[in-house]
Amino acid sequence: MVLIKIEIISDAICPWCYIGYRNLQKAISLYQKTYPGGSNDTIEVWWKPYFIDQEPPKESILIQDRMLRRMDPKMVAAAQTRLKRVGADAGIRFKFGGYIGSSRLAHQLLYMAAREGSELQCRVSELLFHYQFEEEADISQLDTVIAVGVQAGLREDDIREWLASGVGVAEIEAEAKKARADGATGVPHFAIGGKYHMEGAVDMSELFEAFVAVREGQ
C-alpha cells in the first residue's frame, strides 16, 4: 500500500478550482478502479490557501460586475458560457447571479477543518464551491460560511468561536504568500507526491499519469 499525498493550492472563489477538483475526483476514482493495486493505495487531498485578491475587497459585489472589471461584456459572456459548458461536463451547474467577496473566512474554515483530517477539509471545500457557484450564496458572509461548516459536520458554536478568535489567520496569510513565492502563478495548482506540479483545471488523464509516476517511483 502506498500513500499518495496531493496538495491543492486553491481559492474558494475560483470557479476553475471547482472544475479542477471534480477532474481530480474522477482521476482518483479511475486510478483506484483500474491501476493494479490502486484500490489498496491511500490518496490524501489537502487544501492550501491562495488569494486571487491579495488585498481583500471591502465589500461583496455581483459576480457579473466583478468580471466586468477585468473583461468587456462580450468576453464576460464568452467566459460564462465556457464555464457553464465545461462545468456541466463535470456535474457542476454554474450560476453567476450572486455576490462574491473576500475568501478570508472560507480559508479560515478550511484551516479549521484540516485539523480534523483531509476528508472533512475536502467536504468543506466542495461545499464552499457549491454554495458560491451553484447556490449563489456569498461565502464572504459569516452566516454562509457557518452554514457550510455545519453541513460538513462541524458544530456551529465551534465554528463561531474559531472564526471570531482569528486563530490561523497569520498562518493562512503566510502559506498564501509562500505559494506565490514558490511559483504558483494561478489556481488551481496541484502538487502530487511532492514532485509533480500542475496548474489549471488539468485533464483527468494528466492527473492519473502523475499518480502512476508517484506510485512507480515508490
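Residues numbered from 1 in each chain as written. Predicted model: local features only at pLDDT ≥ 70, side-chain atom pairs only at ≥ 80, totals over all residues. Heavy atoms only, no water.

For the chain, the name recorded in an unreviewed UniProt entry is DSBA-like thioredoxin domain-containing protein, with Aspergillus bombycis as its organism.

Undergrad: So what about the packing of aromatic side chains? Which residues, and what values?
TA: A full pass over the atoms with the stated rule returns 10 aromatic pairs. When the ring of Tyr-31 is compared with that of Phe-208, the centres are 6.0 Å apart and the planes differ by 65 degrees; the resulting orientation is edge-to-face. In this pair, Tyr-31 sits in helix H1 (residues 15-34) while Phe-208 sits in helix H9 (residues 204-217), placing the two residues 177 residues apart along the sequence. Judged by its relative accessible area of 0%, Tyr-31 is buried. According to the relative accessible area criterion, Phe-208 is buried, its value standing at 18%. Ring centres 5.8 Å apart and planes at 80 degrees place the aromatic pair Tyr-31 and Phe-211 in the edge-to-face group. Separated by 180 residues along the polypeptide, Tyr-31 in helix H1 and Phe-211 in helix H9 bring together distant segments of the chain. With respect to class, Tyr-31 is no different from Phe-211; both count as buried. Grouped by ring-pair contacts, the aromatic residues Tyr-18, Tyr-21, Trp-47, Phe-94, Phe-96, Phe-129 and Phe-133 constitute a single cluster. (Phe/Tyr/Trp six-rings, centres within 6.5 Å; stacked < 30°, edge-to-face > 60°. Helix = DSSP H or I, 4+ residues; strand = E, 2+ residues; numbered from the N terminus. Buried < 20%, exposed > 50% of the residue type's maximum accessible area, 1.4 Å probe, protein only.)

Undergrad: So what about the sheet that holds strand E2 (residues 42-49)? Which residues, and what values?
TA: The sheet built from four strands is open, its strands ordered E2-E1-E5-E6 with mixed pairing. Two strands in the sheet have a free side with no partner beyond their single neighbour: E2 and strand E6 (196-199). On average, adjacent strands in this sheet sit at an angle of 20 degrees to one another, irrespective of strand direction. As paired strands, strand E1 (residues 3-10) and strand E5 (residues 189-192) are joined by four bridges and run antiparallel to one another. Within E5, the residue paired with Glu-7 across the bridge is Ala-191. Along the sheet, helix H8 (residues 169-181) contacts E1 and E2; its crossing angle with E2, the most-contacted strand, is approximately 100 degrees. (Pairing = 2+ DSSP bridges. Axes fitted to C-alpha atoms, helices over the stretch in contact; angles between N-to-C directions. Contact = heavy atoms within 4.5 Å.)

Undergrad: Now, about the packing of helix H6 (residues 142-152) against helix H7 (residues 156-165): what can you tell me, with residues and values included?
TA: The N-to-C vectors of H6 and H7 enclose an angle of 135 degrees; their axes lie 9 Å apart at closest approach. By the angle between their axes, H6 is oblique relative to H7. Viewed along their axes, H6 and H7 form a crossing whose handedness is right-handed. Of H7, the residues touching H6 (which contributes Leu-142, Asp-143, Val-145, Ile-146, Gly-149 and Val-150) are Glu-156, Ile-159, Arg-160 and Leu-163. For the contact of H6 with H7, the residue count by class is six nonpolar, one polar and three charged. (Parallel < 35°, antiparallel > 145°, perpendicular 65-115°, else oblique. Left-handed = near helix turned anticlockwise from the far one by under 90°. Nonpolar A, V, L, I, M, F, W, Y, C, P; charged D, E, K, R; others polar.)

Undergrad: Mind laying out unusual backbone geometry, listing which residues take part and the relevant values?
TA: The step from Val-187 to Pro-188 runs through a cis peptide bond, and the omega angle for that step is 0 degrees. By the secondary structure assignment, Pro-188 is in the loop between H8 and E5.

Undergrad: Hey, could you go over the side chain of Gln-132 for me, with residue numbers and the actual values?
TA: Summarising the element assignment, Gln-132 is placed in helix H5 (residues 118-133). Accessibility expressed as a relative area gives 0% for Gln-132, which makes it buried. Within the structure, Gln-132 has its side chain in polar contact with the backbone nitrogen of Ile-139 (distance 3.3 Å). For Gln-132, the residues in contact, after removing those within four places along its chain, are Ile-13, Ile-63, Tyr-99, Ile-100, Ala-137, Asp-138 and Ile-139. (Polar contact = N/O pair within 3.5 Å; in protein donor to acceptor, adjacent residues only side chain to side chain.)

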